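What follows is each chain in one-letter form.
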Amino acid sequence: MVKMNREEIQVTSENTDSEKRGRIVFLSLLIALSMFVVKIAQNWDQSWISYAVAAIYMVATFLGLVWAFSFQIRLKSLPCLIQSSLFVGSEFLFVEMFFFEKLDRIYEAFLLLGILGVIWVATYVSFLMSNIFNVGLYKDIPLEQVARTASYILSLFMVYFFTFSFLANGMAVYILLPVVFLAYFSITAMHIRYLEFEKKDFWRRTFLTTFIMFVLFLGSFLIGSKHEFVSIVPAAGFFASIGGMSLSTSGKESKNTAFLYGAILFIVIILNILSNI
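Structure report, in brief. Numbers given for residues are sequential positions, taken from 1 along each chain in its written order. In keeping with the model being predicted, local features are shown solely for residues with a pLDDT of at least 70 and side-chain atom pairs are shown and tallied solely at 80 or more, while totals for entire chains, interfaces and linings include all residues. Computation of side-chain values covers all heavy atoms of the structure but excludes hydrogens and water.

Thoughts on helix H5 (residues 144-169)
Step number 1: A run of H or I in DSSP becomes a helix once it reaches four residues, and a run of E becomes a strand once it reaches two; helices and strands are each numbered from the N terminus. The span one expects for a helix is its residue count, reduced by one, times 1.5 Å. Given a rise of 1.5 Å per residue, 26 residues ought to cover 38 Å, and the 36 Å separating the end C-alpha atoms of H5 matches this to within 8%.
Step number 2: Judged by how many residues are buried, H5 sits mostly within the fold: 19 of 26 residues are covered. Exposed residues in this analysis have more than 50% of their type's maximum accessible area, buried residues have under 20%, and partly exposed residues fall in between, with area computed by a 1.4 Å probe over protein chains only.

Examining the pattern of salt bridges
Step number 1: Each salt bridge in this description consists of a side-chain nitrogen of Lys or Arg and a carboxyl oxygen of Asp or Glu lying within 4 Å of one another. In this structure the tally under the stated criterion is three salt bridges.
Step number 2: For the salt bridge of Arg148 with Glu144, the shortest nitrogen-to-oxygen distance reads 3.6 Å. You can see Arg148 and its partner Glu144 sitting in helix H5, four residues apart, about one turn around the helix.
Step number 3: Since its relative accessible area comes to 15%, Arg148 is described here as buried.
Step number 4: The salt bridge partner of Asp201 is Arg204, with a shortest N-O separation of 3.1 Å. With Asp201 and Arg204 both in helix H7 (residues 199-222) and three residues apart, this pair spans about one turn of that helix.
Step number 5: For Arg204, a relative accessible area of 44% corresponds to the partly exposed category.

Some details on the packing of aromatic side chains
Step number 1: Classification of ring pairs uses Phe, Tyr and Trp, with its six-membered ring standing for Trp, and accepts pairs whose centres are within 6.5 Å; under 30 degrees between planes counts as stacked, over 60 as edge-to-face, and the remaining range as tilted. Applying the stated rule across the entire model yields 21 aromatic pairs.
Step number 2: Between Trp203 and Phe207, the ring centres sit 6.2 Å apart and the planes meet at 35°, which makes this aromatic pair tilted. Pair noted here: Trp203 and Phe207 are both in helix H7, with a separation of four residues, about one helical turn.
Step number 3: Looking at Trp203, the relative accessible area reads 38%, which means it is partly exposed.
Step number 4: With a centroid separation of 6.5 Å and an interplanar angle of 35°, the aromatic rings of Phe214 and Phe217 are classed as tilted. Here Phe217 and Phe214 lie together in helix H7, a separation of three residues that amounts to about one turn. Both residues of the pair, Phe214 and Phe217, belong to the buried class.
Step number 5: Ring-pair connections join several aromatic residues into one group, and the members of that group are Phe94, Phe157, Tyr160, Phe161 and Phe164.

Considering unusual backbone geometry
Only a minority of non-glycine residues have a phi that is not negative, and only a minority of peptide bonds are not trans.
Step number 1: Here the phi dihedral of Ser70 falls at roughly 60°; this positive angle occurs in a residue that is not glycine.
Step number 2: Summarising the element assignment, Ser70 is placed in the loop between helix H2 (47-68) and helix H3 (78-98).
Step number 3: The exposure class of Ser70 is partly exposed, given its relative accessible area of 28%.
Step number 4: Even without being glycine, Phe71 reaches a positive phi, approximately 60°.
Step number 5: Position of Phe71 among the secondary structure elements: in the loop between H2 and H3.
Step number 6: Phe71 sits in the exposed class, given a relative accessible area of 59%.

With respect to the side chain of His191
Step number 1: Relative to the assigned elements, His191 resides in helix H6 (residues 173-192).
Step number 2: The exposure class assigned to His191 is buried, which follows from its relative accessible area of 2%.
Step number 3: Not counting chain neighbours up to four residues away, the residues in contact with His191 comprise Arg148, Ser151, Tyr152, Ser155, Phe238 and Ile242. When checking whether two residues touch, look at their non-hydrogen atoms; a contact exists if any pair is within 4.5 Å.

The structure is reproduced here in structure tokens:
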């Protein structure tokens, strides 16, 4: 039996990590470029096709991540893979609804390309986050807190992207409301599970955060503000609710931080109201 010394094991591990990073870069770049090509070549008018294409992106992302991770996944890996897949789907819907009509001007194409550059970076970060959580199932790594922070930020973007796309699609209210609630619940649950609460606390905090976001969305939606402003309010609600979970029950610093979260939420709501005047 051939034994490997510590240096050989370290080199093998580094080569594996480099190969994995290369696959992640390639996959994220492929997704961003494909969104540009799809939007430029778009020839459909029905909004349901956009959601079908978003679903295809989510499935393709999931399978792509399985390949990028060299098929080294477990059943517990599914939530982080689904989260990244959902993030890609939300990105596509945002791009689709933000540039609702077919691009006819050169500057619009360059603007789209610039936005997709940002999306490529965000997608790459999302894939790295999933990789950290997936590797954390096999061994202890010091980057899990960084991955949790990335999940927090990316979840904020997902809340905004999905809210904007649902509103821009012009859904009937009886469809819009349950779809929005389900989206908020899914996004919240996927992030809170990383915070490692007990099962009882997990469900309580997930429903409470979802309820806060949904109530804030309803308030902004009913006053008739623009989609761009309405979408900010539930995102701010998620930001304040999740941020508040990390605060201790006492201490001046925690009280100041809680006041800051409340102030940010209040300012966002006031700006949303003023935008409609």
